[in-house]
Structure formats: structure tokens, C-alpha cells
Amino acid sequence: MTEIIDQANTTDLWLEYRRSQSAVALSLIETELVSRGELQFGTAYVGQRTASAYQRSLYTRTGTTSSADLRNCSDFASSAAAQRFFIQAGGPLNDPHILDADGDGLACEWGVRIARIASYARQQARSTFAAPRRTTSSRCYVGPRGGTYTITASGNRNYSGC
């Protein structure tokens, strides 16, 4: 699966991200997108479907390992690299290197990273797609019979506003 994701173009990865129901596939796609610097595509963004797991214990962890080749988070160049290794080593169901001690399915600081990306993308979406605000005019107008008025936010004339 990793080779297919590595070779896919970015648009296809985003399309698969929207379609996929597999937590493992979503995680692998997200790590690849982040490594390419692709954090958002239209209304989709990294962490949109996975950030809610951050700091929620979803998988049982025993805290012991028999692996002589224990890996630590500091062994990886980035949290995305740690997450990718974690998935390839059997995560989130199996965590022989204890990279996901809290059992949220997110290794090392990967959960922090996608939570930040998702939070930023949601804020951007709110400000981009927010309804335009109407402003009131404090300018006085003179009507055809000499009366003065202002225009309200709803577009009506307010004759007691001047």
C-alpha cells in the first residue's frame, strides 16, 4: 500500500483521502500529503477525518515490548516519518515499539501536528466562507419631500435616524 501511495499524484491522494474508510490508509495518505507540503485541497484538509482521535485512548496498550530493536520518536526525522513507520510496523492495533503509548493511533507528536493543521484549516474555512456582514450607514439622505433618513442594515429607510 505504501508504494502505491508514494507513486500516486497529489490529486489522486486527495480523492482517495475523501473516499477511504480505512484508518490505516487515511494515516498513510496524510503522512504522504504532509511530506509533500500539501495540507489542504479545496475544502479537504489533513486531519479532517483523523484529528478527532488525538488524545483519545482508542487502542489498548500494554506498555511492554519484547523487541530488541526498540525505536524511539527521536529516531525519526519528523512526526510524519514516525507515523508512517508506526503504521508499517502494525499500528495502530499493534505497537511493538511503543510509539503510541496513549493508544490514540497517532505515533509520537503526529497527533499534535494534525490537530494544529486541522484547527488552522477550520479557522480559515470559517473566515473564507463566512456570510458578508451588512453595515449601517450613518449618512443622512434627503427625501423628495424634504424629510431626512438613513439606510438601515436591512436596506429600509429610517426617518428618525438623522
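See the structure shown above.
Residues numbered from 1 in each chain as written. Predicted model: local features only at pLDDT ≥ 70, side-chain atom pairs only at ≥ 80, totals over all residues. Heavy atoms only, no water.

1. A closer look at the packing of helix α3 (residues 23-35) against helix α4 (residues 79-88)
The description of two helices packed together rests on the angle between their axes and the distance between the axes. Inclusion rule: Convention adopted: a line fitted to C-alpha atoms gives each axis, helices being fitted over their contacting stretch, and angles between N-to-C directions are expressed from 0 to 180 degrees. Numbering of helices and strands starts at the N terminus; helices are DSSP runs of H or I of at least 4 residues and strands are runs of E of at least 2. Note that the term roughly parallel is reserved for angles under 35 degrees, roughly antiparallel for angles over 145, roughly perpendicular for angles of 65 to 115, and oblique for everything else. Each crossing is labelled by how the near helix is turned from the far one, with a counterclockwise turn of less than a right angle marking it left-handed and a clockwise turn marking it right-handed. Should any heavy atoms of two residues lie within 4.5 Å, those residues are considered in contact.
Relative orientation of the contacting elements α3 and α4 amounts to 150°, with a least axis distance of 9 Å. In terms of orientation, α3 and α4 fall into the roughly antiparallel class. With respect to the hand of their crossing, α3 and α4 are arranged in left-handed fashion. Contacts between α3 and α4 pair Val24, Ser27, Leu28, Thr31 and Glu32 from the former with Ala80, Gln83, Arg84 and Ile87 from the latter.

2. Side note on the side chain of Asp100
Heads up, the condition is: Three labels apply to residues, based on accessible area from a 1.4 Å probe with only protein chains included: buried if under 20% of the type maximum, exposed if over 50%, partly exposed otherwise in between. Think of a polar contact as two N or O atoms within 3.5 Å of one another; within protein, one of them needs to be a possible hydrogen donor and the other a possible acceptor, and neighboring residues in sequence only count if both atoms come from side chains.
Of note, Asp100 is situated in the loop between α4 and α5 (110-128). Residue classification places Asp100 among the buried positions, given a relative accessible area of 0%. Here Gly105 takes part through its backbone nitrogen, which lies 2.8 Å from a polar atom of the side chain of Asp100. Sequence-distant contacts of Asp100, that is, excluding residues within four places in its chain, are made with Arg61, Phe86, Asp95, Gly105, Leu106 and Ala107.

3. Notes on the packing of helix α2 (residues 10-19) against α3
Stated formally: Under the scheme applied, nonpolar residues are Ala, Val, Leu, Ile, Met, Phe, Trp, Tyr, Cys and Pro; charged residues are Asp, Glu, Lys and Arg; polar residues are all the others, including Gly.
The interhelical angle for the contact between α2 and α3, taken along N-to-C directions, is 145°, at an axis separation of 10 Å. Where α2 crosses over α3, the two elements pack in a sense that is left-handed. Side by side, α2 and α3 meet where Thr10, Leu13, Trp14, Glu16 and Tyr17 of the first sit next to Leu26, Ile29, Glu30, Glu32 and Leu33 of the second. Considering only residue class, the contact of α2 with α3 consists of 6 nonpolar, 1 polar and 3 charged.

4. Focus: α4
Within α4, 7 of the 10 residues are buried, which leaves the element mostly enclosed by the surrounding structure. Within the sequence span of α4, burial applies to Ser79, Ala80, Ala82, Gln83, Arg84, Phe86 and Ile87.

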